[in-house]
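Observations on the three-dimensional arrangement
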Amino acid sequence: MIFLYQNESEFSKIDKDREFTVVQQAMEQIQNLIVTGHYKPGDRLPTEMELASRFGISRSSLREAIKVFNYLGILESRVAKGTFVGEQAQFSGEAISMYAVLSQKNMYEIMEFFSSILLWSSSTLAVHYERDPEAYGHCISDLDGVLSKLKTVCDLGNLPSVDSCICKLHEIIMASSGNQVLVTLTKTLHLFNSHINRTVQANLYSRNEVTYNAYSALVSAIKNNDTQRIFQIVQDILAIQKDRIAMPLPPEP
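First things first, this report covers the structure right here in the doc. (Residues numbered from 1 in each chain as written. Predicted model: local features only at pLDDT ≥ 70, side-chain atom pairs only at ≥ 80, totals over all residues. Heavy atoms only, no water.)

Notes on the overall build of the protein
For clarity, the cut-off: In this text, helices come from DSSP runs of H or I with a minimum length of four residues, and strands from runs of E with a minimum of two, each type numbered from the N-terminal end. Only protein chains enter the calculation, and the probe is 1.4 Å; a residue is then buried if its accessible area is under 20% of its type maximum, exposed if over 50%, and partly exposed in between. Contacts are assigned to residue pairs that have any heavy atoms within 4.5 Å of one another. Note on areas: Shrake-Rupley, 1.4 Å probe, and residue coverage restricted to the protein chains presented here.
Helix and strand counts for the protein come out as ten helices and two strands. Across the protein, helices and strands are ordered from the amino to the carboxyl terminus as α-α-α-β-β-α-α-α-α-α-α-α. Taken across its 253 residues, the protein has 43% of its residues classed as buried. In the protein, 65% of the contacts between residues at least 6 apart in sequence involve partners at least 24 apart. Just so you have it, the protein exposes about 13600 Å², and 53% of that area is on carbon and sulfur atoms.

Structural notes on the pattern of salt bridges
Working definition: two side chains of opposite charge can pair if their charged atoms are close together. Rule in force here: The working definition used for a salt bridge is a side-chain nitrogen of Lys or Arg within 4 Å of a carboxyl oxygen of Asp or Glu.
Per the counting criterion, the structure on display carries seven salt bridges. Its salt-bridge partner being E48, residue R59 comes within 3.6 Å of it at the nearest N-O pair. Of this pair, R59 sits in helix α3 (residues 59–72) while E48 sits in helix α2 (residues 48–55), placing them eleven residues apart in sequence. Relative accessible area serves as the criterion here: at 38%, R59 is assigned to the partly exposed category. One salt bridge connects E64 with K67, and the closest N-O pair in it is separated by 3.3 Å. With E64 and K67 both in helix α3 and three residues apart, the pair spans about one turn of that helix. Residues joined in a network through salt bridges with shared partners are E48, R59 and R63.

Describing the nonpolar core
Counted only if it meets this: Residues grouped as a nonpolar core are buried Ala, Val, Leu, Ile, Met, Phe, Trp, Tyr and Cys residues, joined through side-chain atoms within 4.5 Å.
Counting 36 residues, the largest nonpolar core has L143, L150, Y215, L218 and I222 as the members making the most contacts within it. With residues up to four places along the chain from it excluded, the contact list for L143 reads L125, L169, I172, I173 and V219. L45, I66, I74 and L75 belong to the second-largest nonpolar core, a separate cluster that totals 18 residues.

Spelled out as structure tokens, the structure:
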């Protein structure tokens, strides 16, 4: 861990006449210091007193900005040690979760965002598998194994296991890209997806066969490097997920 003292020119005084609040501007300053590489994952930031002085704001305002970044996983404050920049793969998880719970419209937007990730990762795996089946054969084998389990739990109507299998399929596809940020985002979105499934769980029994068929077709399209088919299937999966939210809960028996 390194405590870096940056040049004074890298810090700017907060303009208290700007439209944004002092805390928002402090967050913007801290974000810029991280994005531009002045402070990297694992680096320790200057003390609250020093940052507040350099920004020209109160320690309480600076502390509020740091508190938000702590919650988002961008910063990590350790007792008696200081505040450190977190690992990049953890940056986006909580932010997505906070956004997702705001409204049904935002739920749809989150699903559309995830679908774009699933589309890219599935298409990338398809290309890699065609070029080097030996190197990526284990990914296909893992997908086939989870698909087999998914078929069983769908037939049994075991909804938590259905959801678990779907999450595992996503994680295998994302992991094949080698992009750890995508894997982290996927796991965060799965927490959100599980919440949706618990909310509308009673509606899912009629979607099990449709869900299995969609993911079975997706794996088949990946094996055949059929990118056009992959695009259509991912759109179908998105529609299934949206239906889970849109369908009203059935009346109590």
